Amino acid sequence: MPSSSRVLPLLGMLVAASAIAIAQQPAPAQPPAPAPDPHANEVPAPKNPPRVVTPGDAVGAPPSDAIVLFDGKDLSNWVSEKDATSPAPWTVADGVVTVKAGSGGIRTTRAFGDIQLHIEWATPSEVKGNGQERGNSGVFFAASTGAGGSGYEVQVLDSYNNPTYWHGSAGSIYKQHAPLVNASRKPGEWQVYDVVFHAPKFDSDGKVIKRATFTVFHNGVLIQDHVEVMGMTTHSGPPYYKAHPEKMPLALQDHGNPIRYRNIWIRPL
Ligand code: MG
């Protein structure tokens, strides 16, 4: 019997020699025969082409199918959150709407379900206060139709070197999901949220059967990656769901700070 110490090198040489022989074989004269149906079992293409949407002229400008909620001129698409029969009480000047402290929030006249939202905002350049008292406002999705600020808040806050509880900083889903990163610009600089919101669904008994979700980009940076909302973003106590129509207004919060907003548009999804 040959010992394994002799057989193994011999085997190695044979393998190497056959590899060289295969590599030296000429390429076949003909391409290989095609498979019987190379497209078998593929996902079929949709019957209809995607709807054409003309993008805005500049980055952030509303595309052709957007509903513009604020174009810098007036608040005709908004009402007072305290009293929906009253016009929105905030100040419009120079293409910008500014929170009028103490007047209450404003909400849209129309209701929306699943939406893509673009909104630009700026906190005061003169820094006053700390934590939650510094440049606080908020965008409320599925906001209630009365005062009280229920709904699901994407927090607006001056979070530039401003520690607070992190699930209450800029871009948080208030007290539920901290932003993945802090993409805040300096106080006074314009910032952008691009948000995809899917409204929750309730059964006929008012029980939530599909939770709301948020995806949020802050100044182009992903900060909420399709997170599930646990319920209304309450300030105190645990979040919980309370049944509401699928389509609800969008609201902006008066938290007592003169936050500026501009270029607000949505696309129903
Ligand atoms: Mg807020």
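Calculation criteria
- Residues numbered from 1 in each chain as written.
- Predicted model: local features only at pLDDT ≥ 70, side-chain atom pairs only at ≥ 80, totals over all residues.
- Pairing = 2+ DSSP bridges.
- Helix = DSSP H or I, 4+ residues; strand = E, 2+ residues; numbered from the N terminus.
- Core = buried A, V, L, I, M, F, W, Y, C linked by C-beta atoms within 7 Å.
- Buried ≥ 20, exposed ≤ 12 C-beta atoms within 10 Å, placed from the backbone.
- Contact = placed C-beta atoms within 7 Å.

Visitor: Which residues make up the pairing of strand S15 (residues 260–268), and what are the values?
Guide: Examined bridge by bridge, strand S1 (residues 67–70) and S15 share 3 bridges and lie antiparallel to one another. Residue pairing for S15: Val68 is matched across the bridge by Trp265. Pairing between strand S4 (residues 96–98) and S15: 2 bridges, direction antiparallel. Following the sheet pairing, Thr98 is matched in S15 by Arg260. Across 7 bridges, the pairing between strand S6 (residues 115–122) and S15 is antiparallel. Across the sheet, the residue bridging to Ala122 is Arg260, located in S15.

Visitor: Tell me what's going on with the sheet that holds strand S8 (residues 152–156), and back it up with residues and numbers.
Guide: In space, the 5 strands of this open sheet follow the order S2-S5-S14-S7-S8, with antiparallel pairing throughout. A strand with exactly one partner marks an edge of an open sheet, and here the two such strands are strand S2 (78–80) and S8. Pairing of strand S7 (residues 137–141) with strand S14 (residues 251–252), which is carried by 2 bridges, proceeds in the antiparallel orientation. The partner of Val139 across the bridge, within S14, is Leu252.

Visitor: Could you give me a rundown of the nonpolar core, with the residues and numbers involved?
Guide: Val139, Phe141, Tyr152, Phe197 and Tyr261 are the most contacted members of the largest nonpolar core, which has 46 residues in total. The biggest single contributor to this core is S6, with 5 residues. Not counting the four nearest positions on each side in its chain, Tyr261 is found in contact with Phe70, Val97, Ile119, Glu120, Trp121 and Leu252.

Visitor: Give a description of the environment of Pro187 that names residues and reports values.
Guide: Summarising the element assignment, Pro187 is placed in the loop between S8 and strand S9 (191–198). Once the C-alpha coordinates of Pro187 and Arg134 are considered, the two residues, 53 residues apart in sequence, prove to be 9.8 Å apart. Other than its neighbours up to four places away in sequence, Pro187 contacts Thr123, Pro124, Ser125, Val127, Gly135, Asp158 and Tyr160.

Visitor: Which residues make up the pairing of S7, and what are the values?
Guide: In terms of burial, S7 is a largely internal element, 5 of the 5 residues being buried. Along S7, one buried face is formed by Ser137, Val139 and Phe141 and the opposite face, lined by Gly138 and Phe140, is buried too. Pairing analysis gives 5 bridges linking S7 to S8, with the strands arranged antiparallel. Pairing of Phe140 across the sheet is with Glu153, part of S8.

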